[in-house]
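As a plain string of letters, each chain reads:
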Amino acid sequence: MRSQNKGQIRIIEAFLAVLIIFSSFAVSANLTTTQNTTKRDDLSYTGLQALMKLDSDGSLGKYIDEGNWTALRDALNLILPAGTSFNLTVYNSQMQQVNTAVISNGALNNQEIAFVEYLCVSQGLVFRCYIIHLHLAVAS
Amino acid sequence: MLHNPLAFGGGFMKRKERKFGSNNSAQLLIVAALAIAILISATTAYVYELGKETNGTYNLPISDFVFAIKQTTRNAVISSLANVSNGGEKTLLATNLNELSQILRNLKQFGIWQLSFAVLDNLVYDSGIWLSWGTSGIGVSSAYADFTLRAYDIAMNSTVNYAVNVTTTITVSGYYTTILGIEKVVNLTCNVYNEGEPALAQNITLFYENLGIWVPIDSSNNFSITDYGNGTYAISFIVTTLSNTVQVSAHLRDLRGIIVQANMTCYEG
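Every residue gets a number counted from 1 within its own chain, in the order that chain's sequence is written. All chains are assigned letters beginning at A, and all ligands numbers beginning at 1, according to the order in which they are written. Restriction of local features to residues with pLDDT of at least 70 applies here, the model being predicted, together with a cutoff of 80 or more for giving and counting side-chain atom pairs; totals for whole chains, interfaces and linings are based on all residues.

1. Some thoughts on the overall build of chain A
How we decide: Only DSSP runs of H or I covering at least 4 residues are called helices, and only runs of E covering at least 2 are called strands; the numbering of each starts at the N terminus. The burial label depends on the number of other C-beta atoms within 10 Å of a residue's C-beta. Counts of 20 or more mean buried, 12 or fewer mean exposed, and intermediate counts mean partly exposed, with C-beta atoms placed from the backbone. C-beta atoms are placed from the backbone for every residue, and two residues are taken to be in contact when these atoms lie within 7 Å.
When helices and strands are counted, chain A shows three helices and four strands. Mapped in sequence order, the helices and strands of chain A form the string α-α-α-β-β-β-β. Looking at chain A residue by residue over its 140 residues, the buried ones come to 26%. Restricting the contact set of chain A to residue pairs at least 6 apart, pairs at least 24 apart contribute 67%.

2. Overview of the pairing of strand S10 (residues 232-240) of chain B
Residue and element names in this part refer to chain B. What counts, and what does not: Any two strands with at least two DSSP-identified bridges between them are counted as paired.
Burial along S10 is one-sided: the residues Tyr233, Ile235, Phe237 and Val239 are buried and none of Thr232, Ala234, Ser236, Ile238 and Thr240 is. Examined bridge by bridge, strand S5 (residues 183-194) and S10 share nine bridges and lie antiparallel to one another. Residue pairing for S10: leucine 188 is matched across the bridge by isoleucine 235. Relative to S10, strand S9 (residues 224-227) is paired through four bridges, and the arrangement is antiparallel. Within S10, the position partnered with aspartate 227 by the bridge is tyrosine 233. Joining the antiparallel neighbours S9 and S10 is a turn of four residues, in which glycine 229 adopts a positive phi near 80 degrees.

3. A short note on the confidence of the model for chain B
All names here are of chain B. To keep things clear, this is the line we draw: Within a predicted model, pLDDT stands for the predictor's per-residue confidence, ranging from 0 to 100.
Put simply, chain B has an average pLDDT of 85, and 83% of its residues get 70 or more. Confidence scores differ between elements of chain B, with helix H1 (residues 5-54) showing the lowest mean pLDDT of 63 and strand S6 (residues 197-198) the highest of 96. For residues 53-57, every residue scores under 50 in pLDDT, and the model assigns this stretch four contacts once sequence neighbours within four places are set aside. If you check the scores for this complex, the pTM reads 0.75 and the ipTM reads 0.72.

Below, the structure written as structure tokens:
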């Protein structure tokens, strides 16, 4: 009977150990996820602000209307903080790619890639609506 | 001494039971160890999957996206007014806003967005458009629409009401002085406003009326324009007319492509 009790106590101890290990895993994983999300949110916010700044005077729509991808890339390079890599894709309202050249300042090597989707209407005489996908990463 | 076979048998059984009990305890410990291993593996796998799922998503404040959509709707109103002021149909504003609303509904990146609108219809606005290109030296091209933006997300639902008013105004004032017979020098001051704030013009074209015909003013009229950079333009040109008054028409395109016109009568100053 005593030896049986001993066995049960061992099992309880083992389960307590499991609980401790499980809680430590859960806490540490949660902390890591929060930090990563915050970094991505900051980058997303920066990207959204950059697109809005370009769009405020109609430049964004004008570059796209004219197909001036070099000017668009240069403008983003100027607005985004130094050391930020980006890759921008422009789609029309039928989700067909509009940009005929790559609008990027380098490869997105970092694991932390932020994404911004932006709806742009050009101020031109003809109503044109573009869906912009901007991927951002901190250059490693 | 006689051995009791039953007593012998009972002792054997007790030893066997004890042996079996200790064997069971070891097996249970192995099972518990396996359970620990499975739990750790499952936890690690779960944490890994959780990390993968959160990659690429973000939780920016909804106000940032609302601000971005407000800007998009504003651009749509500017585009529509530019088209209408260039001779397009007034119903174009509602058509374009309908299309924008449809496209926005199809985007589900930040949740579900629903944009509804009402173009202004009153004494001056027709289908959200007001073009007043009068003879008193004031010209107005304006578009107005009320919007309701609803955002449906897992975390929260939000409704934002806002209005977009895009107005380009031009005021023209001036006089003429006779220099020789029927030759007159006309001096005009032209002010441009976007939503009531001074704004720049992309180009200004001027006409004057001679014998019922509107004649464009060009370099042959000694045309000169001074841009003060604050939405004020000083214009001077020479016309040849028998009339005691000079009818002038200014056609202006602002930086957004919106056209506005204003006519006025110049008297000798």
